[in-house]
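Working through the structure, step by step
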Amino acid sequence: MLPFEYARAADVDEAVNLLAGDPSASYLAGGTTQLDLMKDGVLGPERLVDITRLPLRGVTRDGDGLHIGALTTMEELAADPTVTDELRIVRQALLLGASTQLRNMATIGGNLLQRARCRYFRDPSVPDCNKREPGTGCAAVNNTARMHAILGVSERCIAVHASDLAVALVALDAVVHLKGTSGGRSVPLTQFYREAGSSPDVENVLVHGELITAITIPFLPPTAVSGYLKVRDRASYEFALASAGVALVVQDGTINQARVGLGGVGSKPWRSLEAEQVLTGSPAGEETFREAAAAAVQGAWTVSGTAFKVELAQRTLVRTLRTVSGVTS
Ligand SMILES: Cc1cc2nc3c(=O)[nH]c(=O)nc-3n(C[C@H](O)[C@H](O)[C@H](O)COP(=O)(O)OP(=O)(O)OC[C@H]3O[C@@H](n4cnc5c(N)ncnc54)[C@H](O)[C@@H]3O)c2cc1C
Ligand code: SF4
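A quick note: this is a predicted structure, and the numbers were derived from the prediction, not measured. (Residues numbered from 1 in each chain as written. Chains lettered and ligands numbered in written order. Predicted model: local features only at pLDDT ≥ 70, side-chain atom pairs only at ≥ 80, totals over all residues. Heavy atoms only, no water.)

1. As for the sheet that holds strand 6 (residues 175-180)
Note the cut-off: We call two strands paired when DSSP finds no fewer than two bridges between them. Going along the chain from the N terminus, every DSSP run of H or I of four or more residues is numbered as a helix, and every run of E of two or more is numbered as a strand. Axis definition: a line fitted to C-alpha atoms, over the contacting stretch in the case of helices. Angles run 0 to 180 degrees between N-to-C directions.
An order of 4-5-8-6-7 is seen for the 5 strands of this open sheet, with the pairing classed as antiparallel. Of all the strands in the sheet, just strand 4 (59-62) and strand 7 (183-188) have a single pairing partner and so form its edges. Adjacent strand axes in the sheet meet at a mean angle of 25 degrees when their direction is disregarded. With 6 bridges connecting them, strand 6 and strand 7 associate as antiparallel partners. Note that in strand 7 the partner of K179 across the bridge is G184.

2. Some remarks on the UniProt feature "domain: FAD-binding PCMH-type" (unreviewed entry) in the protein chain
What counts, and what does not: UniProt positions are given in the numbering used here, feature names are shortened, and annotations may be inferred rather than shown by experiment.
Following the UniProt record, one finds the feature "domain: FAD-binding PCMH-type" (unreviewed entry) at residues 1-222. Measuring from the first to the last C-alpha atom of residues 1-222 gives 50 Å, for a span that is 24% helix and 18% strand.

3. A closer look at the nonpolar core
Formally: Grouping buried Ala, Val, Leu, Ile, Met, Phe, Trp, Tyr and Cys residues that are joined through side-chain atoms within 4.5 Å yields what is termed a nonpolar core. Working definition: with a 1.4 Å probe on protein chains only, accessible area under 20% of the residue-type maximum means buried, over 50% means exposed, and in between means partly exposed. Two residues form a contact once any of their heavy atoms are found within 4.5 Å.
Judged by nonpolar contacts, the single largest core of 38 residues is most densely connected at V90, L169, I215 and I217. Taken together, the elements giving at least two residues each to this core come down to strand 5 (65-69), helix 3 (74-79), helix 5 (88-95), helix 7 (108-112), helix 8 (164-171), strand 6, strand 8 (211-218) and strand 10 (242-251). Not counting chain neighbours up to four residues away, the residues in contact with V90 comprise L77, V83, L165, A168, L169, L172 and I217. With 30 residues, the next largest nonpolar core counts V246, A258, V297 and A313 among its residues.

4. Points about the site of ligand 2
Filter applied, for reference: Throughout, near means a residue has at least one heavy atom within 4 Å of the molecule or strand. The residue classification treats Ala, Val, Leu, Ile, Met, Phe, Trp, Tyr, Cys and Pro as nonpolar and Asp, Glu, Lys and Arg as charged. All others, Gly included, are polar.
Near ligand 2 you find 14 residues, and of these C118, C129, C138, C157 and I158 are the closest. In terms of residue class, the shell around ligand 2 is made up of 10 nonpolar, 2 polar and 2 charged.

5. Observations regarding the site of ligand 1
Applicable threshold: Think of a polar contact as two N or O atoms within 3.5 Å of one another; within protein, one of them needs to be a possible hydrogen donor and the other a possible acceptor, and neighboring residues in sequence only count if both atoms come from side chains. Residue exposure ignores everything except the shown protein chains as possible cover, and the areas themselves are Shrake-Rupley values with a 1.4 Å probe.
If you check the shell around ligand 1, you find 34 residues, and the closest are Y27, T32, T33, T107 and D164. Note that an oxygen atom of ligand 1 is positioned 2.6 Å from one of the side-chain N or O atoms of T32. The backbone of Q34 places a nitrogen or oxygen atom 2.8 Å from an oxygen atom of ligand 1. Relative to its unbound accessible area of 980 Å², ligand 1 is 93% covered by the protein chains. For the shell around ligand 1, the secondary-structure elements that each account for two or more residues are strand 2 (25-28), helix 2 (34-39), helix 7 and strand 8.

6. Comments concerning the side chain of K309
Note the following rule: Within this scheme the basic residues Lys and Arg register as positive and the acidic residues Asp and Glu register as negative, but His and the chain ends are omitted. Salt bridge, as used here: a side-chain nitrogen of Lys or Arg that lies within 4 Å of a carboxyl oxygen of Asp or Glu.
When you line up the elements, K309 lands in helix 11 (residues 309-325). At 9.0 Å, D233 is the nearest oppositely charged side chain to K309, a buried residue that forms no salt bridge. A distance of 3.2 Å separates a polar side-chain atom of K309 from the backbone oxygen of L241. Excluding its chain neighbours within four sequence positions, the residues that come into contact with K309 are R146, M147, H148, I150, L241, G264 and V265.

Written out as structure tokens, the structure is:
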């Protein structure tokens, strides 16, 4: 690990100023991703600004939504009574991620900003990675790329966004609250992330120094049902090959409202408006579910290692829709 300076911020303004004035500085929250990447030589910030003492921890019901401080841990959010009772999709997405030990350290802000799990990105001895070093190429496209993305990708980068929680949150229209040197702003999470495109190193709309202070999740209608399903190589402590987060309002056999997020397949947490369009106003049943799943993967771009994900993503979504709606045929 390269040497770095350590500073602990006393308040939000100090944190923002410490980072904004120093292009080589980075925030440190739970450290579960940041320190790994530094130890592996992928990242080398010259200064870490520890934000763990900032008053950004806790969950409150706030107006029409749930307000979550950015330093709330994954375990704390999963245990919140509103999440347990009304936001099953969020609870399942959280508890299917990482391990209990990690979830006790890992914060919600850090989870949303975790970096790619691409093996080539995380191995500095591999020279060609556009995300690590813009313009060098993409080692994954012509190599082993089983864990990579098929939606929102380009030949410049096929890395998947690894956060399970973010998939649930994009489906729920969550809003992320930011604080920078020129004040605060709120951004819908669906507009926060960027697809791989031509600049895979730019993953979101954050300006250097901006701090995530909180996230708001609007409440679902009282009759909504929701859930998150994750398909992976082993039953726990593993990232998704494909996942789906779904929230539905079904009345008299008809789907009145649908929200669909996909994970393990997108360069960003994937909201499938195409699937939602098929589902909304249609009968809750196998035919509708399959049609929605086909719509969700339209435009998929695959390499040999990721071709299987087109079918897997559809099956994962159909199974989630069946489970959440309780309609099996
Ligand atoms: C072995 C392992 C397995 C995992 N499995 C899963 C999984 O299955 N599913 C899943 O979703 N995740 C998984 N994770 C990822 C884990 O959820 C993240 O590492 C964690 O949520 C990051 O939170 P943190 O507080 O530790 O962030 P840190 O490591 O402290 O920070 C991560 C990044 O976010 C920045 N940052 C942190 N907080 C803020 C903020 N408030 N504002 C602005 N920038 C900020 C940091 O500067 C850094 O760049 C796994 C991690 C590991 C190590
Ligand atoms: S997929 Fe993206 S992160 Fe992985 S090697 Fe290619 S450019 Fe780098």
